[in-house]
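A look at the structure
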Amino acid sequence: MSNIIILGAQWGDEGKGKIVDLVCDRFDIVARYQGGHNAGHTVLIGEKKFILKLIPSGILHPGKQAVIGNGLVVDPAALLTEIQSLESAGVHVSGRLFISNRAHVLFPFHRTMERMLDAIGTTSRGIGPCYEDKAGRRGLRMADLLDDRNFSAQLKTLAAEKGTVASAFGINEGLDLARMLADYQAFAERMRPMVCDTARLLNDAIRAGKKVMFEGAQGTLLDLDHGTYPFVTSSSASAGGASTGTGVPPTRIDAVVAVAKAYTTRVGGGPFPTEALDDMGDQIRQRGNEFGSVTGRPRRCGWFDLPLVRYSAMLNGFDSLVVTKLDVLDGLEKIPVCVAYRSGRHELTEMPATTAGWAAIEPVYECLPGWQTPTAGTSRYEELPQQARAYLTYLEDRIGVEVGCISTGPERNQTIIRPDSRFQQLFA
Ligand code: IMP
């Protein structure tokens with residue numbers, strides 16, 4: 001098993017970054033396949049805290065290569081700032097980071113567009129409007145940005161169109177085209193050495209026996225097709241996206257490992273049947289430090305939702321599931337788990353497809369006994385309290401996938417890898 005996808009099973013922020021970091025040594029290349037600088041995970045380098053948004057975290061491991069695939073939308077200013085902060089912390093990016101020449105370029109007017117249209121509580125980074133231009137076949141890609149002869153005319157056309165739309169919405173920001181052009185031309189020169197056909201790079205590497213990790217951003221239920229539409233992001237966060245978003249065929253991808261929290265969170269608007277709007281929700285938020293790493297917004301918190309993760313397992317074909325932040329539930333007397341949804345007199349075990357459908361359901365809970373003993377930092381499965389093991393077994397039985405790894409704290413050593421699990425085999 002060489003090439004493995006690691007992705008979020010819920011609505012993002014499951015703690016993928018830590019798991020990617022944990023298993024990174026086994027790979028030669030880490031590739032991102034979708035999203036943009038709406039994603040974010042916090043990493044510590046020495047005493048310094050970084051939030052990586054666009055660059056795969058593999059870059060933090062000496063000798064590894066990192067790829068920003070064609071499925072991403074790239075804000076050059078955000079990317080260059082990230083590179084700069086890594087370089088100044090002694091992480092040398094040069095020669096190890098590759099950006100797809102087919103990735104779309106995000107411009108300031110994409111943020112302006114988002115201000116007019118955002119109805120779902122996005123991260124306001126211009127991500128959706130940039131993907132709209134991609135799907136509308138008018139977007140500009142990295143290769144266009146580097147094309148000195150044509151870029152200026154192409155940008156002019158796209159910017160003029162945005163100006164027309166903005167003024168129709170009564171926004172007259174006086175877009176300074178000359179300045180934007182100069183900025184982007186300067187960005188282009190700085191990025192030029194990193195831009196290439198990354199589909200070719202990845203496929204050649206795989207053919208040469210190199211191992212690739214595909215690092216998902218956001219989470220499955222934020223996937224444009226399969227998530228809780230329209231309260232989703234604009235890219236393919238589920239496993240299928242790894243192929244379209246990098247150009248590596250499905251036949252070259254060997255396994256999918258998903259990461260889920262021991263409870264559920266989401267940021268932004270949209271359905272969330274198990275949301276705990278009471279004091280319990282606050283407790284989880286505080287204990288789990290559930291505040292967005294990109295926007296700082298408090299995350300909505302609630303209980304584990306089995307129908308949702310089961311659906312996610314079906315879509316992605318999980319080989320193993322990692323459960324993170326188990327320790328956040330320490331101390332609870334009882335832990336509700338959603339086993340089905342109730343709609344009128346009917347019980348549903350599948351996710352609704354419409355906003356109205358979501359509004360019409362209520363979660364059906366089973367309550368499991370809590371463990372009321374600290375698990376933080378535990379690194380051996382047998383050392384978990386019996387009720388915590390029973391909780392994990394309950395989840396794996398009902399999802400139908402092993403829980404191969406459990407995270408009990410932010411540090412690397414605060415992790416349980418279950419002996420003889422598929423997880424262990426995959427990353428041995
Ligand atoms: P956008 O990706 O900025 O367009 O936002 C669309 C939805 O996805 C909003 O509900 C965001 O809060 C959510 N979202 C985007 N990125 C992340 C992430 O990395 N973690 C969790 N939610 C996210």
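Anyway, here's the lowdown on the structure attached to this text. (Residues numbered from 1 in each chain as written. Predicted model: local features only at pLDDT ≥ 70, side-chain atom pairs only at ≥ 80, totals over all residues. Heavy atoms only, no water.)

Some details on the site of the ligand
Lining the immediate environment of the ligand, one finds 15 residues, of which Asp13, Asn38, Thr123, Thr233 and Arg297 sit closest. A distance of 3.2 Å separates a nitrogen atom of the ligand from a polar atom in the side chain of glutamine 218. Contact between the ligand and arginine 297: an oxygen atom at 2.9 Å from a side-chain N or O atom of the residue. For the shell around the ligand, the class distribution of residues is six nonpolar, seven polar and two charged. (Near = heavy atom within 4 Å. Polar contact = N/O pair within 3.5 Å; in protein donor to acceptor, adjacent residues only side chain to side chain. Nonpolar A, V, L, I, M, F, W, Y, C, P; charged D, E, K, R; others polar.)

Regarding the packing of helix α6 (residues 151–168) against helix α7 (residues 177–191)
Relative placement of two packed helices is described by the angle separating their axes and the distance separating the axes. Where α6 contacts α7, the axes come no closer than 11 Å and their chain directions differ by 135°. Taken together, the axes of α6 and α7 are oblique relative to one another. Note on packing geometry: the crossing formed by α6 with α7 is right-handed. Here Phe151, Ser152, Leu155, Lys156 and Ala159 of α6 lie close against α7, whose contacting residues are Leu177, Met180, Leu181 and Tyr184. Looking at side-chain class alone, the contact of α6 with α7 contains seven nonpolar, one polar and one charged residues. (Axes fitted to C-alpha atoms, helices over the stretch in contact; angles between N-to-C directions. Helix = DSSP H or I, 4+ residues; strand = E, 2+ residues; numbered from the N terminus. Parallel < 35°, antiparallel > 145°, perpendicular 65-115°, else oblique. Left-handed = near helix turned anticlockwise from the far one by under 90°. Contact = heavy atoms within 4.5 Å.)

A few points about the layout of surface pockets
Roughly 230 Å³ of internal volume is contained in the second largest pocket. What lines the second largest pocket is Pro108, Phe109, Arg111, Thr112, Glu173, Leu175, Asp176, Arg179, Met180, Asp183 and Tyr184. Elements supplying a minimum of two residues to the lining of the second largest pocket: α3 (108–117) and α7. In terms of residue class, the lining of the second largest pocket is made up of five nonpolar, one polar and five charged. (1 Å grid on protein atoms, 1.4 Å probe; cavity = no way out; pocket = protein on both sides within 12 Å on 5 of 7 lines; lining within 4 Å. Points joined across faces, edges and corners; volume = space filled by probe spheres on them.)

As for the side chain of histidine 104
Among the secondary structure elements, histidine 104 is positioned in strand β8 (residues 104–105). A relative accessible area of 6% places histidine 104 in the buried class. Those residues in contact with histidine 104, other than ones at most four positions away along the chain, are Leu72, Val73, Val74, Cys130, Lys134, Gly139, Leu140 and Arg141. (Buried < 20%, exposed > 50% of the residue type's maximum accessible area, 1.4 Å probe, protein only.)

Some remarks on the sheet that holds strand β15 (residues 320–324)
The sheet built from 10 strands is open, its strands ordered β9-β7-β5-β2-β10-β1-β11-β15-β19-β20 with mixed pairing. A strand with exactly one partner marks an edge of an open sheet, and here the two such strands are β9 (195–196) and β20 (415–417). Note: strand β5 (residues 65–68) against strand β7 (residues 97–100), three bridges, orientation parallel. Residue pairing for β7: isoleucine 68 is matched across the bridge by isoleucine 99. (Pairing = 2+ DSSP bridges.)

Details of the nonpolar core
Counting residues in hydrophobic clusters, the biggest one holds 67 residues, and the most contacted among them are Leu321 and Tyr391. Judged by nonpolar contacts, the second largest core, of 39 residues, contains Phe107, Leu155, Leu158 and Ala188. (Core = buried A, V, L, I, M, F, W, Y, C linked by side-chain atoms within 4.5 Å.)

Describing the side chain of asparagine 38
Among the structural elements, asparagine 38 can be located in the loop between β2 (29–32) and β3 (41–45). A polar atom in the side chain of asparagine 38 sits 2.9 Å from the backbone nitrogen of glycine 36. At a separation of 3.3 Å, a polar atom in the side chain of asparagine 38 contacts the side chain of threonine 233. Once residues within four sequence positions are removed from consideration, asparagine 38 is found in contact with Thr123, Arg125, Ile127, Gln218, Thr233 and Val294.

Thoughts on α3
The periodicity of an α-helix, 3.6 residues per turn, causes residues three or four positions apart to be oriented the same way. Those residues of α3 not exposed but buried are Phe109, His110, Thr112, Met113, Glu114 and Met116. Buried-residue contacts for α3 involve β8, α4 (127–135), α6 and α7.

What to know about unusual backbone geometry
In this model, tyrosine 229 is joined to proline 230 through a cis peptide bond whose omega is 5°. A positive phi angle, near 60°, is found at arginine 137, a position not held by glycine. With respect to the helices and strands, the residue arginine 137 is situated in the loop between α4 and α5 (142–145). Phi at asparagine 289 takes a positive value of approximately 50°, unusual for a residue other than glycine. One can find asparagine 289 in the loop between α10 (279–287) and β13 (300–302).

A word on the packing of aromatic side chains
Taken as a whole and judged by the stated rule, the model has nine aromatic pairs. What links up through ring pairs into an aromatic cluster is the set Phe107, Phe109, Phe151, Tyr184 and Phe187. Over the face of the ring belonging to phenylalanine 27 we find arginine 26, whose NZ or CZ atom lies 5.1 Å from the ring centre. Between arginine 398 and the ring centre of tyrosine 394, over which it is positioned, the NZ or CZ distance is 3.7 Å. (Phe/Tyr/Trp six-rings, centres within 6.5 Å; stacked < 30°, edge-to-face > 60°. Lys NZ or Arg CZ within 6 Å of the ring centre and 35° of its normal.)

What is shown is where atoms sit, not what they do.
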